[in-house]
There are 2 protein chains.
Amino acid sequence: MYNAKMEELGKKRSVIREIFEYSKKREAEIGPGKVFDFSIGNPSVPAPDCVNETAVRLIKECDSVELHGYTSAQGDAGVRKAVADYVNRTCGASLTPDCIYMTCGAAASLSVCIKALAEEGDEFIVFTPFFPEYRVFTEAAGGTLVTVDSLPDTFQPDIEALDRAIGPRTKALILNSPNNPSGAVINEESVKRVCGLLRRRSAELGRPVFIISDEPYRELVYDKETVVPYIPNEYDDTFVCYSFSKSMSLPGERIGYVAVSPKMKDFADAYAAVCGAGRALGYVCAPSLFQRVTAKCLGAVSDTSVYRRNRDLLYGELTRMGYSCVYPDGAFYLFMKTPEPDAAAFCERAKKYELLLVPSDDFGRPGYVRIAYCVETEKIRAALPAFEALIKEYK
Amino acid sequence: MYNAKMEELGKKRSVIREIFEYSKKREAEIGPGKVFDFSIGNPSVPAPDCVNETAVRLIKECDSVELHGYTSAQGDAGVRKAVADYVNRTCGASLTPDCIYMTCGAAASLSVCIKALAEEGDEFIVFTPFFPEYRVFTEAAGGTLVTVDSLPDTFQPDIEALDRAIGPRTKALILNSPNNPSGAVINEESVKRVCGLLRRRSAELGRPVFIISDEPYRELVYDKETVVPYIPNEYDDTFVCYSFSKSMSLPGERIGYVAVSPKMKDFADAYAAVCGAGRALGYVCAPSLFQRVTAKCLGAVSDTSVYRRNRDLLYGELTRMGYSCVYPDGAFYLFMKTPEPDAAAFCERAKKYELLLVPSDDFGRPGYVRIAYCVETEKIRAALPAFEALIKEYK
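Given the structure is predicted, the values throughout are model-derived calculations rather than measurements.

Engineer: What is the right way to look at the relation of the copies chain A and chain B in this model?
Structural biologist: Applying a rotation about an axis and a shift along it to one chain copy brings it onto the other copy. Rotating chain A by 180 degrees and translating it 0.0 Å along the rotation axis places it on chain B, where the RMSD comes to 0.0 Å. Expressed as a symmetry operation, the mapping of one chain copy onto the other fits a two-fold axis. Judged by C-alpha distance, A:Val56 is the residue of chain A that lies nearest the rotation axis, at 2.8 Å. Both copies contact each other with a shared surface, as 100% of the interface residues of chain A are interface residues in chain B too.

This is how it looks when you write it as structure tokens:
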């Protein structure tokens, strides 16, 4: 009666959202502060002052009809110019306003790009571990997600495995750096090797294999030496999916963009396909107030020093206790090996200590948990005894 | 290389958006106020004071992390409760918060509902004239749009024609009252007859034919005697798609909801399918600030007296000049017969007078234009000589 796949998707929900709902329920039962919920990537630091100040100023000063009215489907022209200029300045890109398509956040950016590209049966490759909704968006557009394990320990792309995975139906490679859930940043050398391979294979196929670069964590890196390469500088056929959710702590406001590289093959067709996909999915203009707010605050980033502090504390303590995890360069996730192979079983055991962790199975890389450390540092400190008691069960 | 259908959709754009873009360009050429743009349903009156005041207050008083953070995928629980209570109070419904799914506006509400229902090849019936994006959303979900002409002159549903159109693949009937583009309100008698027919045909088919009731103009009616029936009171298997765009003059903010009737067959499956469709299309939570703002301002409606004044002025003057149009009970559109059969040719001719009207072909009812009178009354007055000169060409 209802679409079977949609019903199933709605019933399963994402594991992360499932835990999020459990967490709310559990906290209502045992009281605030008693649940150590490390499940969801909801920024824990406020938006930069600029954001809330600008929102208030615009509401007070602007004409309500203009401010809250429709913008062009692809976003307000002034907003798109500001975004293009900013990316050009900071990443050395050469975008025009007509390369930018404003969206309702990262999920919209991704589903629009995938829908713009996918014909029935097309393959989209992603390295594990990966954000599970990639599969949902790909399958909803009629495509198939093909997974390739990134290298053990470093989580850098495995070039040989990627080479083997590319076939006649490969439409695009989805890159996500800094990575959710591993925190890994794809380094410059890896980017060059991936792009070199894709150029070679595209030439063989006689058509581009595209890159969809999902970058909501671009600004969230913590060490001076960490550089997040801007993929379109290395590879022409790239769509960049961006969201202000993490950098400006605005996940609920649903605001981001797609940047279509102007050097892309048949650029006008590509941009049209993005616009068409937005239309087909029911996206018309991104939320108008926050289009303006973010455009006026470009470059403002929430105070991420707490994330760095959390990362250092958590990484240091967990490895001291005997857990094994990769040092995360960015994002706000720690990807930790579970002391038993079944991550879901480990997470169930963690629940006894009110520790809510996300098992890695849905990230396509069994045997890990994702720990979102975008929480108050105090919460991490309070949770450490629970982590310690938990690992003792395995000793 | 790109999805052919998306590329085509992006290149064609909707006729309305096409004119909207032309209008901006033309105004830049000949100066502000010189273009009589009646093309787009962008409210011309400000949001109710409550909206902007509440937005400022929430930004100033609330914790930024909480205010701009993710809500549950289906929307904040408190917001959904407020919406359910309000609809119950004003429409005699019996919704619980778990019947409500908050969305990024009407387009999202519709595309989510259609995606939740459609299996490949399913048919969705709509009466002409109809909002052209229904076709886009239906086809994007793998369905087919079947059109049935509403009755001439009154634009009430043609029950016999609907009966003939229902077949083994019919999944749902889309109703839109007050109607875009005709302004017609489906009266109580018509609603009862449509629902009676659907009940009979559903029984024959052994499964429900659903109603998707698209109601963004519910509050925009201008005569005391005009009642907009609440469809779920007459028909259990109904999804109501609502948006605050028109009633609160917030089209750019993308905020609305789907209400799934609790009496629907297999309600839990239906609601799950809506959640799943939202997820598949990349909608996660509706914009969080405006979820809260609209929930706190339920019942507040922009001052629509200007629309009534505009309707009366425009209808009076155009019929006086010799144009023929149906008296619109609601929404802010006048649907006018063109004095030549080719509406597009008429609109081209109108452009000479800087009059921008939308030809009715894409609304599935050739030979009309849609005139959006959600503009300043002064603009209508200023445009009257142009309308007069235009009809003289046909005399």
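From this point on, the discussion continues.
Engineer: Looking at this structure, how should I read the nonpolar core?
Structural biologist: As a rule of thumb, soluble globular proteins bury nonpolar side chains together. Core analysis: the biggest nonpolar cluster contains 80 residues, and A:Phe124, A:Ile212, A:Phe239, B:Phe124, B:Ile212 and B:Phe239 have the highest contact counts within it. If sequence neighbours within four positions are ignored, B:Ile212 has contacts with B:Leu110, B:Cys113, B:Ile114, B:Leu117, B:Phe124, B:Ala172, B:Leu173, B:Ile174, B:Leu175, B:Phe239 and B:Cys241. Listed in part, the 64 residues of the second largest apolar core include A:Cys91, A:Leu95, B:Met102 and B:Leu289.

Engineer: How should helix α5 (residues 77-91) of chain B be read in this particular structure?
Structural biologist: Note: α-helices contain 3.6 residues per turn, so residues at a spacing of three or four share the same orientation. Residue and element names in this part refer to chain B. When the terminal C-alpha atoms of α5 are compared, their 21 Å separation across 15 residues agrees well with the 21 Å that a helix rising 1.5 Å per residue should span. Along α5, the residues that are buried comprise Val 79, Arg 80, Val 83, Ala 84, Tyr 86, Val 87 and Cys 91. Here the buried residues of α5 occupy an arc of 165 degrees about the axis, which is enough to place them on one side. Buried residues belonging to α5 abut β2 (100-103), β8 (256-260), α10 (267-280) and α11 (288-296). Looking one or two residues past α5, Gly 92 carries a phi angle of roughly 70 degrees, positive in sign.

Engineer: Even after reading the chapter, I still don't get the sheet that holds strand β2 (residues 100-103) of chain A, so can you show me in this structure?
Structural biologist: Pairing between sheet strands relies on hydrogen bonds along the backbone, with the strands arranged either parallel or antiparallel. Residue and element names in this part refer to chain A. Strand order across the open sheet formed by seven strands is β2-β8-β7-β6-β5-β3-β4, with mixed pairing between neighbours. Among the strands making up the open sheet, the edge pair consists of β2 and β4 (144-149). Strand-to-strand, the axes of this sheet are offset by a mean angle of 20 degrees, without reference to chain direction. Sheet analysis places strand β3 (residues 123-128) next to strand β5 (residues 170-176), joined by four bridges and oriented parallel. Bridging from a neighbouring strand, Phe 124 pairs with Ala 172 of β5.

Engineer: Please explain the pattern of salt bridges as it appears in this structure.
Structural biologist: Should their charged atoms come close, side chains of opposite charge can pair. Summed over all chains, the structure comprises 56 salt bridges over all chains. A:Asp76 is the partner of A:Arg292 in a salt bridge, and the nearest nitrogen-oxygen pair spans 3.7 Å. Highlighted residues: A:Arg292 in helix α11 (residues 288-296) and A:Asp76 in the loop between α4 (64-67) and α5 (77-91), separated in sequence by 216 residues. Of the charged contacts, one joins B:Arg218 and B:Glu215 as a salt bridge, the two residues approaching to 2.8 Å between their closest N and O atoms. On the basis of relative accessible area, B:Arg218 is assigned to the buried category, the value being 14%. Linked through salt bridges whose partners overlap, the residues forming this network are A:Asp163, A:Arg200, A:Arg201 and A:Glu204.

Engineer: What is the right way to read the packing of aromatic side chains from this model?
Structural biologist: The relative placement of two aromatic rings is captured by the distance of their centres and the angle of their planes. All names here are of chain A. For the structure on display, the rule yields 41 aromatic pairs over all chains. Each ring, one from Phe 155 and one from Tyr 368, has its centre 5.9 Å from the other, and the planes form 65 degrees; the classification is edge-to-face. Of this pair, Phe 155 sits in the loop between β4 and α8 (159-165) while Tyr 368 is found in strand β13 (residues 368-372), placing the two residues 213 residues apart along the sequence. In this structure, Phe 155 and Tyr 368 share a single accessibility class: buried. By the ring-pair criterion, three or more aromatic residues cluster together here, those being Phe 155, Phe 335, Phe 363 and Tyr 368.

Engineer: Can you walk me through the state of the cysteines in this structure?
Structural biologist: What we call a disulfide is simply a covalent bond connecting the sulfur atoms of a pair of cysteines. The full count for this structure, using the stated rule, is two disulfides over all chains. Paired by a disulfide, A:Cys50 and A:Cys297 hold their sulfur atoms 2.3 Å apart. An S-S torsion of about -90 degrees defines the bridge between A:Cys50 and A:Cys297 as left-handed. In this pair, A:Cys50 sits in helix α3 (residues 49-61) while A:Cys297 sits in the loop between α11 and α12 (305-321), placing the two residues 247 residues apart along the sequence. The closest cysteine sulfur to the non-disulfide-bonded B:Cys285 is located on B:Cys104, 7.9 Å from its own sulfur. Residue B:Cys285 is classed as buried on the basis of its relative accessible area of 2%.

Engineer: Please explain the interface of chain A and chain B as it appears in this structure.
Structural biologist: A common way to express how large an interface is: the accessible area buried when the components associate. Taken together, the 85 residues of chain A in the interface contact 85 residues of chain B. For the pair chain A and chain B, the summed buried area comes to about 6,700 Å², and 56% of that belongs to carbon and sulfur atoms. Looking at the side of chain A facing chain B, the largest losses of area belong to A:Tyr2, A:Tyr70 and A:Arg279, adding up to 14% of the total buried there. Taking the shortest distance from any N to any O, the salt bridge between A:Glu133 and B:Arg279 comes out at 2.8 Å. Our enumeration of links across chain A and chain B arrives at 46 residue pairs in polar contact (both at pLDDT 80 or more). Secondary-structure elements contributing two or more residues to the side of chain A that touches chain B are α1 (4-12), α2 (15-30), α3, α4, α6 (105-117), α7 (133-140), α10 (267-281) and α11 of chain A. Per element, the largest residue contribution to the side of chain A that touches chain B is ten residues, and it comes from α10(A). When the residues that make up the side of chain A that touches chain B are grouped by side-chain class, the tally is 47 nonpolar, 19 polar and 19 charged.

About the criteria used
Residues numbered from 1 in each chain as written. Chains lettered and ligands numbered in written order. Predicted model: local features only at pLDDT ≥ 70, side-chain atom pairs only at ≥ 80, totals over all residues. Heavy atoms only, no water. Least-squares fit on C-alpha atoms with pLDDT ≥ 70 in both. Contact = heavy atoms within 4.5 Å. Core = buried A, V, L, I, M, F, W, Y, C linked by side-chain atoms within 4.5 Å. Buried < 20%, exposed > 50% of the residue type's maximum accessible area, 1.4 Å probe, protein only. Helix = DSSP H or I, 4+ residues; strand = E, 2+ residues; numbered from the N terminus. Expected span 1.5 Å × (residues − 1). Arc of directions from axis to C-beta. Pairing = 2+ DSSP bridges. Axes fitted to C-alpha atoms, helices over the stretch in contact; angles between N-to-C directions. Salt bridge = Lys/Arg side-chain N within 4 Å of Asp/Glu carboxyl O. Phe/Tyr/Trp six-rings, centres within 6.5 Å; stacked < 30°, edge-to-face > 60°. Disulfide = S-S within 2.5 Å. Buried area = accessible area lost by both parts, 1.4 Å probe. Polar contact = N/O pair within 3.5 Å; in protein donor to acceptor, adjacent residues only side chain to side chain. Nonpolar A, V, L, I, M, F, W, Y, C, P; charged D, E, K, R; others polar.

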